[in-house]
Amino acid sequence: MNSTIKRLGIMGGTFDPIHYGHLVTAEGARFTFGLDQVLFMPSGQPPHKKNARVTDPEHRYMMTVLATLTNPYFDVSRLEIDRGGTSYTIDTLRALHQLYGPATELYFITGADAIFDVASWKNADDCLALAHFVAATRPGFSLVDLPESTRQWVARHQERFHILKVPAMAISSTEIRERVREGSSIRYLVPEPVEHYIRRQRLYTQELPQSRASCAK
Ligand code: NAP
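Since we're looking at a predicted model, the values are computed, not measured.

## A look at the pattern of salt bridges
If charged atoms from side chains of opposite charge come close, those side chains can pair. One pass over the full model with this rule turns up 8 salt bridges. In this structure, Glu27 engages Arg30 in a salt bridge whose closest nitrogen and oxygen atoms are separated by 2.9 Å. Pair noted here: Glu27 and Arg30 are both in helix α1 (residues 20-33), with a separation of 3 residues, about one helical turn. The residue Glu58 makes a salt bridge to Arg78 at a minimum N-O spacing of 2.7 Å. Taken as a pair, Glu58 in helix α2 (residues 57-68) and Arg78 in the loop between β3 (74-76) and α3 (79-83) lie far apart in primary sequence, 20 residues in all.

Structure follows, in structure tokens:
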């Protein structure tokens, strides 16, 4: 149990690959919510991508380590990768609650598109009981754009939802994969060591089917 950490941020994501949008989000969340540490949590098998191929978790883990090395407040967890199977957030939150103890407040941070779908996640109410949810939004996002049913659900749990506006979220992993495939530059979109890793390991040079299995949450 680590009792020195009063507020722990958990950066949940596929990180395929990690980019500056993720790093700016994590730093912004740390500052805004007074987090003592931000733990990056690369998914082993992302729940809603069961029928899609994502890059090997070990590559995604390595890139996340390389990207976060220089920030003393950042760390990377292998919890979801080592647990195996589908990486449900509820299992991660329960494990961290157990590990850090009830005095540590958990802040689960990820993209707004994912966060506002939480109602459909496994044990959604338990997730909200265990953690605050921080939705990182790309410029232009508004709650008004959400479907009515989602807005109502968010309103019912509003004390657990927080919106974090991050201009750098205009960067996307999808765009970076496409740029690599086309031979375009990804310089200044990802940290240099991540760029070198992608080139050395020849990641994203071939088309991967990224179809989303919307029913598999
Ligand atoms: P995704 O659908 O690939 O991403 C949705 C959007 O959020 C994308 O625009 C993505 O941009 C952005 N994003 C992803 N991670 C982010 C982060 N940490 N900070 C800021 N923006 C982020 O989502 P995903 O990566 O598969 O899932 C996000 C998290 O939600 C993961 O931890 C996943 O395990 C969890 N989740 C849990 C359940 C469940 O328990 N049932 C279901 C769905 C998701 P980029 O593509 O540029 O990253």
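Structure's up, so let's keep going.
## So, the layout of surface pockets
The space that makes up the largest pocket amounts to roughly 1,100 Å³. Around the largest pocket, the lining is made up of 46 residues, and of these Thr14, His48, Lys49, Thr110 and Ala114 lie nearest the centre. With 4 residues, the top contributor of residues to the lining of the largest pocket is strand β4 (residues 105-111). Of the residues contributing to the lining of the largest pocket, the split by class is 17 nonpolar, 19 polar and 10 charged.

## Overview of α1
In an α-helix there are 3.6 residues to a turn, and that puts residues three or four apart on one side. Compared with an ideal rise of 1.5 Å per residue, which puts 14 residues at 20 Å, α1 spans 20 Å between its outermost C-alpha atoms and is within 8% of the ideal. Burial in α1 covers these residues: Gly21, His22, Leu23, Thr25, Ala26, Ala29, Arg30 and Phe33. Of the residues trailing α1, Gly34 is marked for its positive phi of about 60°.

## A closer look at the side chain of His157
Along the chain, the position of His157 falls in the loop between α7 (148-156) and β6 (161-165). The exposure class of His157 is buried, given its relative accessible area of 18%. Once residues lying within four places of it in the same chain are set aside, the contact partners of His157 are Asp125 and Leu128.

## A word on the packing of α2 against helix α9 (residues 192-200)
Packed helices, taken two at a time, are described by the angle between their axes plus the distance between the axes. Where α2 contacts α9, the two axes come as close as 8 Å, and the packing angle between them is 155°. Comparing their axes, α9 and α2 come out roughly antiparallel. Relative to α9, the crossing made by α2 is right-handed. Contacts between α2 and α9 involve His59, Met62, Met63, Leu66 and Ala67 from the first element and Pro193, Val194, Tyr197 and Ile198 from the second. When its residues are assigned to classes, the contact of α2 with α9 shows 8 nonpolar, 1 polar and no charged.

About the thresholds
Residues numbered from 1 in each chain as written. Predicted model: local features only at pLDDT ≥ 70, side-chain atom pairs only at ≥ 80, totals over all residues. Heavy atoms only, no water. Salt bridge = Lys/Arg side-chain N within 4 Å of Asp/Glu carboxyl O. Helix = DSSP H or I, 4+ residues; strand = E, 2+ residues; numbered from the N terminus. 1 Å grid on protein atoms, 1.4 Å probe; cavity = no way out; pocket = protein on both sides within 12 Å on 5 of 7 lines; lining within 4 Å. Points joined across faces, edges and corners; volume = space filled by probe spheres on them. Nonpolar A, V, L, I, M, F, W, Y, C, P; charged D, E, K, R; others polar. Expected span 1.5 Å × (residues − 1). Buried < 20%, exposed > 50% of the residue type's maximum accessible area, 1.4 Å probe, protein only. Contact = heavy atoms within 4.5 Å. Axes fitted to C-alpha atoms, helices over the stretch in contact; angles between N-to-C directions. Parallel < 35°, antiparallel > 145°, perpendicular 65-115°, else oblique. Left-handed = near helix turned anticlockwise from the far one by under 90°.

Honestly, it's all geometry; don't read function into it.
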